Amino acid sequence: MNNSQQRGSTPRSQIRRAELIAIGRRLFADTSYDALSMDEIAKQAGVAKGLIYYYFTSKRGYYLAIVEDSVAELVARAGGDTDLPGVERVRRTIEGYLAYAEHHQAAYRTIVTGGVGSDAEVLAIRDAVREELVAAIAEGAYGRREIPPIARLALVGWLAAVEGTTLEWIAAPADGADGADERPDRDRLGALLVRQLRATLTVIGEFVPECPPPPLPEGPFGQADDLAPVTGRA
């Protein structure tokens, strides 16, 4: 937890702090960390610079608070719907992950790449996100968050591929501008990632018999259910 979170414990202060973080997320989405001064941040926020220092102690503290806020939203989106059946939770996890990346591209890049100059604290936050997402996938697939080391490594490898694919996806033109191929929509990419996950879960089952892939669901698949392969469809 960033030390600045201990400041301003009253409801009004918490609202003010959240407003400043929201402003910072917009500013850092369009401007690099080094190019954005505290004077400019205060000007855009319409507050005295001292108020930002009060809540966040420094520019770096402000930046870390923004990253932590972004991470919390990503984890909430990807790890929600805990009451759903396991395989559906896995699908929703991937859907939420891609939705966050699509709508918060700058924040997503910061989380995945480690932020400014591979900042050690941002990297630690990123690693915590990865652990939480791997645990969420494991819980959806196997009903538990703790899994054998080789199974965990396989899921970490899949997640690393997801990060690289998602970075490439959000960087591509959405409408095929400049002669580029049209970027696949989120549902189609989600189907691809889920198929890759299904393959990973199958391999895990071969190496770790106590971690079999989720069973096939009952009944036929509908064509609209494009993410069904996670449940075992070829």
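Remember, predicted model here, so these are calculated numbers, not experimental data.

Got a minute to help me understand a nonpolar patch on the surface in this structure?
On the surface, Ile150, Val203 and Phe207 cluster together into a nonpolar patch covering about 290 Å² of accessible area. Inspection of the secondary structure puts Phe207 in helix α9 (residues 186-207).

How do you make sense of the packing of helix α3 (residues 49-56) against helix α4 (residues 59-78) when you look at a structure like this?
Packed helices, taken two at a time, are described by the angle between their axes plus the distance between the axes. Running from amino to carboxyl end, α3 crosses α4 at an angle of 65°, the nearest separation of the two axes being 9 Å. Relative to α4, the crossing made by α3 is left-handed. Residues Ile52, Tyr53 and Phe56 of α3 pack against Lys59, Gly61, Tyr62 and Ala65 of α4. Of the residues that constitute the contact of α3 with α4, the class distribution is five nonpolar, one polar and one charged.

What should I look at first to understand the packing of aromatic side chains in this one?
Geometrically, a pair of aromatic rings is defined through the distance of the ring centres and the angle of the planes. This structure, assessed with the given rule, holds six aromatic pairs. Measuring from centroid to centroid gives 6.4 Å for Phe28 and Tyr62, while their planes differ by 55°, and the two rings are tilted. In this pair, Phe28 is assigned in helix α1 (residues 11-30) and Tyr62 in helix α4, connecting sequence segments 34 residues apart. Classification of Phe28 as buried rests on a relative accessible area of 13%. An aromatic cluster is defined as three or more aromatic residues linked by ring pairs; in this entry it consists of Phe28, Tyr54, Tyr55, Phe56, Tyr62 and Tyr63. The ring of Trp169 has Arg183 lying over it, and the distance from NZ or CZ to the ring centre is 4.7 Å.

Conventions and cut-offs
Within each chain, residue numbers correspond to sequence positions counted from 1 in written order. Confidence filtering applies because this is a predicted model: local features only for residues at pLDDT of at least 70, side-chain atom pairs given and counted only at 80 or more, and all residues used for totals across whole chains, interfaces and linings. The basis for every side-chain value is the complete set of non-hydrogen atoms in the structure, without hydrogens or water. Surface patches are drawn from residues lacking salt bridges whose relative accessible area is over 30%; two like charges belong together within 9 Å, two nonpolar side chains (Val, Leu, Ile, Met, Phe, Trp, Tyr) within 5 Å. Areas reported here follow the Shrake-Rupley algorithm with a probe of radius 1.4 Å; residue values treat only the protein chains shown as occluding. Within this document, salt bridges are pairs made up of a side-chain nitrogen of Lys or Arg and a carboxyl oxygen of Asp or Glu, the two lying within 4 Å of each other. The helix and strand labels rest on DSSP assignments: H or I over at least four residues marks a helix, E over at least two residues marks a strand, and numbering proceeds from the N terminus. Lines fitted to C-alpha atoms define the axes here, with helix axes fitted over just the stretch in contact, and angles between the N-to-C directions of these axes take values from 0 to 180 degrees. In a left-handed crossing the near helix is turned counterclockwise from the far helix by less than a right angle, and in a right-handed crossing that turn is clockwise. Throughout, a contact is declared for two residues whenever any of their heavy atoms are within 4.5 Å. Under the convention adopted here, Pro, Cys and the residues Ala, Val, Leu, Ile, Met, Phe, Trp and Tyr are nonpolar, Asp, Glu, Lys and Arg are charged, and Gly plus all remaining residues are polar. For this analysis, a ring pair means two rings from Phe, Tyr or Trp (six-membered ring only for Trp) whose centres lie within 6.5 Å, classed as stacked if their planes differ by under 30 degrees, edge-to-face if by over 60, and tilted for the remaining angles. Residue exposure (1.4 Å probe, protein chains only): buried if accessible area is under 20% of the type maximum, exposed if over 50%, otherwise partly exposed. Charge-over-ring contacts are defined here by two conditions on Lys NZ or Arg CZ: a distance within 6 Å of the ring centre and an angle within 35 degrees of the ring normal.

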